Structures are given as structure tokens and as C-alpha cells.
Amino acid sequence: MLKPMDTQYGFIGNRSHDPYVAGRDTLSKEEQDGECIFETVGEVTSPDPIISVRNCNVFYGDNQAINNVTLDVGRNEVISLIGPSGCGKSTFIRCLNRMNDTIEGARVEGDIRLDGEPIYAKEVDPVLLRARVGMVFQKPNPFPKSVYENVAYGARIHGLARSRAELDEIVFSSLERAGLYAEVKSRMDEPGTSLSGGQQQRLCIARTIAVNPEVILMDEPCSALDPIATAKIEDLIEELRQNFSIAIVTHSMQQAARVSQRTAYFHMGQLVEVGATDTVFTNPIHRLTEDYVTGRIG
Amino acid sequence: MRLSTILLVYIAILIIGYFAGRQKAIAYSHALDAGRTMHSLPMYHGYYVLMWGAIPAIIAILGYFFMGDGLVLDRVIAGLPDEVRSLPESRLNLVLNDIRVVAAGAETSGESEAYIQSAADSLNAGREFLSLLLGLAVVALSSTGCYLAWRNLSGDFRARNRVESAIQVLLVMAASIAVLTTIGIVFSVLFESIRFFQKVPLFDFLFGLNWSPQTAIRSDQVGSSGSFGAVPLFLGTLMISGIAMIIALPIGLMVAIYLSEYTTARVRGVVKPLLEVLAGIPTVVYGYFAALTVAPLLRDFGLSAGLQISSESALGAGLVMGIMILPFVSSISDDVINSVPQSMRDGSLGLGATRSETIRRVVLPAALPGIVGGFLLAASRAIGETMIVVMAAGLAAKMTINPLEAVTTVTVQIVTLLVGDQEFDSPKTLAAFGLGLTLFIVTLILNIIALHVVRKYREQYD
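Residues numbered from 1 in each chain as written. Chains lettered and ligands numbered in written order. Predicted model: local features only at pLDDT ≥ 70, side-chain atom pairs only at ≥ 80, totals over all residues. Heavy atoms only, no water.

Asker: Hey, could you run me through the sheet that holds strand S7 (residues 133–136) of chain A in this one?
Answerer: Note on sheets: strands pair through backbone hydrogen bonds, and any given pair is parallel or antiparallel. All names here are of chain A. What the seven strands build is an open sheet, ordered S1-S11-S10-S4-S9-S8-S7; its pairing is mixed. In this open sheet, the two edge strands, each paired with only one partner strand, are strand S1 (41–42) and S7. As judged from the four bridges shared by strand S4 (residues 78–82) and strand S10 (residues 262–267), these two strands associate in the parallel manner. If you follow Ser80 over to S10, its bridge partner there is Thr263. Along the sheet face, helix H8 (residues 197–209) touches S7 and strand S8 (215–219) and points at about 170 degrees away from the line of S7. (Pairing = 2+ DSSP bridges. Helix = DSSP H or I, 4+ residues; strand = E, 2+ residues; numbered from the N terminus. Contact = heavy atoms within 4.5 Å. Axes fitted to C-alpha atoms, helices over the stretch in contact; angles between N-to-C directions.)

Below you can see the structure in the form of C-alpha cells.
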């Protein structure tokens, strides 16, 4: 059987098995379907966490979408969340800026802290939280406004600029940092939707960093883009790491390998394995993770 | 031959034609080598045959309806005595009417003259003959058409394309009916208006400040010559619809925002249909409500506040009209706001905007073209509304901008001008058409401006 990931990481598969799957070549049906409880393996904690999640459960009505997840997001780190469709990775990052609050019937349990402060505490205003934890979505969603106004939007609602000059400065530097300024400097007054898909997504990133968040959540930011636009976004993520912490959900394992330092593998609402990206891809501990990264499931 | 018989035979021929065509095509398809298929399904061959059977005969039937009776009447007139034929046209029409009545077998008042009886007989005979002719023509045309089309079929005949283009022609005809009707309405109003403007100068009509159309009803009466300044009417229309829009726009928009953004699906499912019930209340009922409930309330309120509010006032009519058009604004705005993609809201909320900031700065701008469309629909309802104004705002064409006084509107005046028995060529009656035309032009200009505004400020979100 062809195993692209194996060859990419130069490993053939005759390594010694980890304790969880030692002596077993196949997973039980319960494990495949996620009907049993996994204990997360690998490094769930981070030495310098900016976000720490402890025992998080998410319910949509009666359905449990996230089951007892514990995970840290490190400062100035890119962590990628991978896993099959419907495994809860998008739901999980939407807990980190309380976007799940906007969904009727969603309920989040557990202790989630940003810089040590619990974000689900009663006195926390989710609106202010979202200014500190920005989000970029799967489909580029520029507002029906000009390029300039798209980036100025966040700065305006949070009153970050006291004058037009300051606003210009925020807008232009955000576009610059998003690698978009050169392409749009003569098109500031054109609608954001007139840009190409990749430019729109970088516009959405510029819009997010204009608010100067501490963490940026990215929910499959490249899934609607072509390979060239994807490469630009990936380069951008690498640069943004200097100033921001980033959690990125992705379906592309190559992308996860390229952009992230840590990788978390989700399966049926549970966090199966976390670790340094290299380790997860070349030497996964858990059998489910191995099956996924080698392309056997997912 | 009775028309229903003709139609039944016609339909039977078409059905036979359809199956004959289909059968022939099926036979061809059986004769084909394995693995090859015909260009068109047998069904289309059937439709093709049916089409050629149907079209010529339907033209004959339509021709019979539009011209048949005229042809027979011409012959009847030719057979009338000379002294009758030489009567003036209006008298001749009366005679023809008598003939028709007798021919229909109805009792006429008094003894009808002999020539009427014989003319009626020849009318009936002519009609009988013509319908027989129609029957034969329909049978001949439809069966010949079917046969020719059927003979034309072959294994690789492209029946499907022919049928598709026939459907296209049908659709074009349906569309042109709507367009032609509009043009017809415009011209019917236009010609009467031209007659009106021959009697009353255009300038006096458009800029005159006094509306008092009381002219002599008949030419042998003595009466004033009337004055036809339309400004008070348009002012009244503007004021009442303006009040209605001032009520309906903000409330309707707020209702729409509440329904689409703040409430749960369950509340929305109850409230929205209830609101739409408002749109189903007949305007006459709104009229009672305005005249019997709102107007006295306003008057009492005015008394206690030291204001003179007449019991028929622009304010009362405008208020109730605002309630009437509320569902148009709220329902359409709600649909439009709902169709703004959730990703827009997520994007804004994800930046730390509150729900109301998101609505004001992202959702409403994205929904604006549709909302303006809803406003326009509501405004045209308000301008064209008549019953509420008749009952609650009165008939007095007063030149005022005080909403507490009685005023009247263009539509109300059109109704009062056309009700009653005036000669149809008096300026008083014709003024209705002048008003109608002006109202039509005004709303047309409003629509054009609004379309332009919508196009200019449209913000694409997909």
C-alpha cells in the first residue's frame, strides 16, 4: 500500500509499537467509532501557555461535540488541530473565543483560561474577549465595504484610533503585515469582495490583526484557496508567529507539518494525541493518529 | 355545431396525433442497431405531432372568437332595408342590439318590426353556419397538421429541439402579454388625458393651487367652469403617505431586526405569520378603524392638549395607513436580513463587535438593496391607497401642510370624479385621467430614482 506520509518523513513502519497499541495491528470497532474514552497521549501542556483548556466539554443540545479535552496553546506558537471531518476541531477553537455563544443550544463546560483568567467567568464580556482572540474563517468573508473599511472596522468599533492619521496607520500597517499592502494600495476604495479569493483571505487576516489580538484562531483558512494563495498564507502564518499565538484547524497534513510547531489530533470529539509536529507525523504514539497521518482513515 | 363538441373532437385528434407520433418513433428506435439511440425521445416526436395539430387550429378558433360575430353581423346589416342601413351609426347600433336580443330568444318590449325578426333569423342562421364551418376547419386543420408532421418524422428527426423552441415562443408570448397590458393601460390613460389637457391647460393643472372640479353635469345646465389645480391633491397624497412611511419604516425595520437577529426560531414562527395577517386585512376595515377608533382618539387627545384636530385628519389616515403597510416593510426586510450569510455576522462578531454593531455596520448595509425594495413596495401601496383616505381624511382639497386638518389625495379624487353620472367628455370626468397619468408618471420617476440608488449603493457579499 502506498503511504505518502511515510515516505515524506522517511519512515517505513517497522518501528517498535507504543504501549497503547503494542501487539495489536487493528483497532477495535469501539475505538474506530470513538465509543470508548481515550486518554490523551503526548504533551498536552505547554511551558508558557497563553491559553489553557482543562476538561472541556461542548454540547449542542443533547449531542456532545467535545469530550473532556485538555490542551494548552503556547505563546508565539502555531498549533495545528487535525482530524477527520466532524471530529470537533472547529467546535474546539470556537470555544477559545466564545464564538459558540452565538449558536443556539450550545453549552460549553470546563475551565478555559486566557493568560490565566477564566474566559467563561461571569464578569468576562465575550465581545472584549473576541478582540483579544481573533478569528479567521474557512471561507473568506470580507464585509460588503471597501478594502480600507474592512480593515478599519475592528479599529473603529474598539476605538483604537483617535484620528484619521492613526486609523490610516493601523490600516496600512495591518495590510503590510498581512502581505497585502503592495497589491491593494491603489485599490483602497474598491469593495473587499472585488479581490481574488487569496487576497480576500489575507484581507480577513489583516482585519483580524488590526485589532491587535493576542491569539489568532484560523478555521481551515486555506480550504477555499488555490495552492499559490495557500503558500502565501502559510508564509504569512510563519511571520505572524513573531507577534501572535496561532491555533489553526486544517485538513491538510502537509500544511500542518509546514506551519505548526505542535499538532493535536482529534477523533470523534476527543483529543487523541498532542505533540511536537515532527513527532506526531513521524513517530505517532497512538495507533489512531498513525492511521490518520498515514492516510489509512480520515 | 356546438363549440364544446368542436373542442372535444379537437382534443381527441391531438391525443391520437401524440400517440401516433410517439408510436412511429418507438418503431424507429426498435429498428436501430444495438447501442445506438435516436436524437430525441419518442415523447418529443409525439409532442411535435401534437404541436402541429394544435397551432393552426387554435389560430382558427381564436379568429372565430375575435372576428366571427362581426362577419355575420356585416352580412345581416347588408340584408337590412335601405332606410334602416342609412340611419346614423348610434341609431343603427340600437337596431342591431334589438336584433341580437331577438336572436337570443328573449322577449322584447312591444311588437318588434318584421325586418328585425327576419334579421334575427338570418343572424342565427349565419352563426350556425359559421360554427359548422369552424368545426370542419378545426378538424381539417388539426388532422392535416398532425398527418404532415407525422409524415415528417424519421429516425434522426430532431423533434426535441423543435419542441424546445416552440416552448420558448410560448414563454415569450406569456411575457409579452404582461408588457402589452402595461402599454395598453398607459395608452388608454394617455388618450383620455390628452382630451383633458385640450380643455384644461397643462400648466394650470400641474401648478394650480385650487382644486374644485364642480362643473355643470350636463351641457344644458348652468354651473361654474371648475378649477383644476392638482397641487393640493399631490400635497395631500405626499403628506398622508409621508406620515404612513414615517410610522412604517422605523417600526417595520425594528420588527425585522428583532425577528431575524434577536428572537428564537419559535417566537419568530409565531410572530411573523401574525404580522402578515395585517397585510390580509381589507383596506375598508382599516378605514373603519381609522374613522371610528383612531380619529376620535386623536381628536380627544388634541382637545386635552389644546390642539384643534379635525375628526377627519391626514394624521389619522396616515397613522392607520402606516400600520397597514407595516407588514410589507417588516416581512420583506426580515427575509432580506435573513439572507445575509452567517459568515458576515461571524466575521464581525469574531472581531469583537457586539450584536448591534454587527447589525448596524455589516448586516444592514449588506441587506440595504432588498430593504429599499421593501420600502418602495410599501410606498407605492401608500400612494395608491384609497379607502382609508376616503373614510378617514375626507374629500376637501385643502392647500395645507398641517397634518391635523382634513385633506384629500389623488386617488380619492379620481374615485369621486368617476362616481356618478356625468357626461364622459366633461373636463370633470376627464380630470380623473389627467390625475391618473400624473400619478403614474410620479411613481415611475420614484421607481427609477430608487432603482438607481439601489444599484449605486449595492454592496456585494458573495
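Asker: Would you explain the layout of surface pockets in this entry?
Answerer: Using a probe with the size of a water molecule, rolled over the atoms, empty space left in the structure can be pinpointed. The computed volume of the largest pocket comes to approximately 540 Å³. Lining the largest pocket are 22 residues, and of these Thr102 and Ile103 of chain A together with Glu261, Leu349 and Arg355 of chain B lie nearest its centre. Mapped by element, the contributors of at least two residues to the lining of the largest pocket are helix H4 (126–132) of chain A together with helix H8 (231–262), helix H12 (342–350) and helix H13 (355–384) of chain B. Looking at which element gives the most residues to the lining of the largest pocket, the answer is H12 of chain B, with four residues. (1 Å grid on protein atoms, 1.4 Å probe; cavity = no way out; pocket = protein on both sides within 12 Å on 5 of 7 lines; lining within 4 Å. Points joined across faces, edges and corners; volume = space filled by probe spheres on them.)

Asker: I tried to follow the packing of H8 of chain B against helix H9 (residues 265–280) of chain B on my own but got confused; where do I start?
Answerer: For any two helices packed against each other, the geometry is given by the interaxial angle and the distance between the axes. Residues and elements named next belong to chain B. Contact pair H8 / H9: the axes reach a minimum separation of 9 Å and the direction vectors enclose 150 degrees. Between H8 and H9, the interaxial angle falls into the category roughly antiparallel. Our pair here, H8 against H9, has a crossing hand that is left-handed. Here Val255, Tyr258, Leu259 and Ser260 of H8 come into contact with H9, specifically with Val267, Arg268, Val271, Lys272 and Leu275. Of the residues assigned to the contact of H8 with H9, the class counts are six nonpolar, one polar and two charged. (Parallel < 35°, antiparallel > 145°, perpendicular 65-115°, else oblique. Left-handed = near helix turned anticlockwise from the far one by under 90°. Nonpolar A, V, L, I, M, F, W, Y, C, P; charged D, E, K, R; others polar.)

Asker: Would you take a moment to explain a nonpolar patch on the surface for this structure?
Answerer: A grouping of Ile55, Ile58, Ile59, Leu62, Phe65, Phe66 and Met67 of chain B is seen on the molecular surface, where their side chains present a nonpolar patch of about 750 Å² in accessible area. Checked against the element boundaries, Phe65 of chain B lands in helix H2 (residues 42–78). (Patch = residues over 30% accessible without salt bridge, like charges linked within 9 Å, V, L, I, M, F, W, Y side chains within 5 Å. Areas by Shrake-Rupley, 256 points an atom, 1.4 Å probe, with all protein chains shown as cover. Salt bridge = Lys/Arg side-chain N within 4 Å of Asp/Glu carboxyl O.)

Asker: I would appreciate a short explanation of the pairing of S8 of chain A in the present structure.
Answerer: Residues in a regular strand point their side chains to alternate faces of the sheet. Residue and element names in this part refer to chain A. Counting buried positions along S8 yields five of five residues, so the element is predominantly enclosed. Here S8 shows a buried face lined by Val215, Leu217 and Asp219 and a second buried face lined by Ile216 and Met218. Sheet analysis places S7 next to S8, joined by four bridges and oriented parallel. Each bridged residue has a counterpart across the sheet, and for Met135 the counterpart in S8 is Leu217. Strand direction decides the pairing type here: S8 and strand S9 (residues 245–249), joined by five bridges, are parallel. Opposite Ile216, over in S9, you have Ile246 as the bridge partner. Note on the crossover from S8 through helix H9 (residues 227–240) to S9: the handedness is right-handed. (Buried < 20%, exposed > 50% of the residue type's maximum accessible area, 1.4 Å probe, protein only. Right-handed = clockwise from strand over helix to strand, strands pointing away.)

Asker: How should the domain arrangement of chain B be read in this particular structure?
Answerer: Where the parts come together, the accessible area they lose is often given as the size of the interface. Splitting chain B by domain gives domain 1 (3–155), domain 2 (158–199) and domain 3 (227–457). Domain 1 of chain B and domain 3 of chain B are separated by 50 Å when their C-alpha centres are compared. (Domains from an automatic or database assignment.)

Asker: Looking at this structure, I do not really get the nonpolar core. What am I missing?
Answerer: Ranked by internal contacts, the top residues of the largest apolar core, which has 50 residues, are Tyr153 of chain A together with Ile240, Met321, Ile325, Ile337 and Ile388 of chain B. Looking at this core, the elements that each hand over two or more residues are helix H5 (147–157) of chain A together with H8, helix H10 (283–305), helix H11 (314–338), H13 and helix H14 (387–392) of chain B. In terms of residue count, H13 of chain B provides more of this core than any other element does, eleven residues in total. In contact with Ile240 of chain B, other than residues within four places in its own chain, are Ala314, Ala317, Gly318, Met321, Val389, Ala393, Val407 and Thr409 of chain B. (Core = buried A, V, L, I, M, F, W, Y, C linked by side-chain atoms within 4.5 Å.)

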